[in-house]
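Secondary and tertiary structure notes
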Amino acid sequence: MAIRFDRSEGKLTGKRRTPTGGVALDCNFSRTGVFAYKTASGRIRRELRLPEEVFAKASLDSLEFCLCTLDHPPNMVDPDNWKTDAVVIGMSPKPGGRASSSRPGIEYLTGEAVIVDGKAIKMFDSDDLHDASLGYRCRLEYTSGEYHGEKYDAIQRDIVHNHIAFGPRGWGRAGVECGAHLDAADHFDGEAFDDETGETMKLKIGSETFDNETAAQKAVDTLAAKLDSAEGKLAVLEAEQT
């Protein structure tokens, strides 16, 4: 399964206070159409999100009660890491709507996000937070073709959502119409991809093997922190011996 972080085309379409002081946001979470990704080798791969996949019942069901996060966490959110890896600011209780677009072949996946974190609410009020970005897994079908005049190299199938990240205005990749927003060629898709075979590659650091660059980078950061700590202890020992 491929991991995707898609700041899709959309925007905040409404905002209102909840009885408990939170903020309910009406959002365009994602869209259909062609998305561009940069592979591990630096090449651009264009992936098609078809309406029958974006609006499939199983995919919509996976979006219900997704946690909302401040930026994307280093790993997909789960019960074991949501407190340590993610800055959780709310939840999405009502996804699954559908909105049309003036562009051929483009439809928006709409829904509601409820923000309960006080700092995040102030950032939405001041427009420091605006764009939404879905974090999800999907199966890639390596079939090329053309969709409403846009060429693609693969089709995203079996989309399963994990979280909804929020960032500043202009953070998004699929345009200014999804927010409350990643269709840019400089986005890395979070996996190591073999352009020749079409298979996901493993990343190996020492004796450890990782499924994606994000997990590998986290391991590198942990090793660097341990090294800094060891060097600090060594400096103390050397000082004591002099």
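The coordinates are above.
Model, not experiment: these values are computed from the prediction.

**Points about the overall build of the protein chain**
The secondary structure content of the protein chain amounts to 4 helices and 16 strands. Classification of the 242 residues of the protein chain by burial places 47% in the buried group. Just so you have it, the protein chain exposes about 12200 Å², and 53% of that area is on carbon and sulfur atoms.

**What to know about the pattern of salt bridges**
Side-chain pairing between opposite charges can occur once the charged atoms of the two side chains come close. This model, assessed by the stated rule, comprises 11 salt bridges. A salt bridge links Glu112 to Arg16; the nearest nitrogen and oxygen atoms lie 2.2 Å apart. Of the two residues, Glu112 is situated in strand 8 (residues 107-115) and Arg16 in strand 2 (residues 12-17); the sequence distance between them amounts to 96 residues. Two residues, Arg17 and Asp125, come together in a salt bridge whose shortest N-O distance is 2.5 Å. Placement of the pair is Arg17 in strand 2 and Asp125 in helix 3 (residues 118-125), with a sequence separation of 108 residues. Beyond isolated ion pairs, a larger network of salt bridges with shared partners links Lys15, Arg17 and Asp125.

**Quick notes on the pairing of strand 3 (residues 23-31)**
Two faces belong to every sheet, and in a regular strand the side chains alternate between them. For strand 3, a buried count of 8 out of 9 residues is recorded, marking the element as mostly surrounded by other parts of the structure. With 8 bridges joining them, strand 3 and strand 8 adopt antiparallel strand pairing. Its bridge partner being in strand 8, Asn28 is matched across the sheet by Thr110.

**Some thoughts on the packing of aromatic side chains**
A full pass over the atoms with the stated rule returns 1 aromatic pair. On the numbers, 5.3 Å between centres and 80 degrees between planes, the contact of Phe124 with Phe166 is edge-to-face. Of this pair, Phe124 sits in helix 3 while Phe166 sits in strand 12 (residues 154-167), placing them 42 residues apart in sequence. Summarising the burial analysis for this pair, Phe124 and Phe166 share the class buried. Lying over the aromatic face of Phe35, Arg31 brings its terminal NZ or CZ to 4.4 Å of the ring centre.

Rules behind the numbers
Residues numbered from 1 in each chain as written. Predicted model: local features only at pLDDT ≥ 70, side-chain atom pairs only at ≥ 80, totals over all residues. Heavy atoms only, no water. Helix = DSSP H or I, 4+ residues; strand = E, 2+ residues; numbered from the N terminus. Buried < 20%, exposed > 50% of the residue type's maximum accessible area, 1.4 Å probe, protein only. Areas by Shrake-Rupley, 256 points an atom, 1.4 Å probe, with all protein chains shown as cover. Salt bridge = Lys/Arg side-chain N within 4 Å of Asp/Glu carboxyl O. Pairing = 2+ DSSP bridges. Phe/Tyr/Trp six-rings, centres within 6.5 Å; stacked < 30°, edge-to-face > 60°. Lys NZ or Arg CZ within 6 Å of the ring centre and 35° of its normal.

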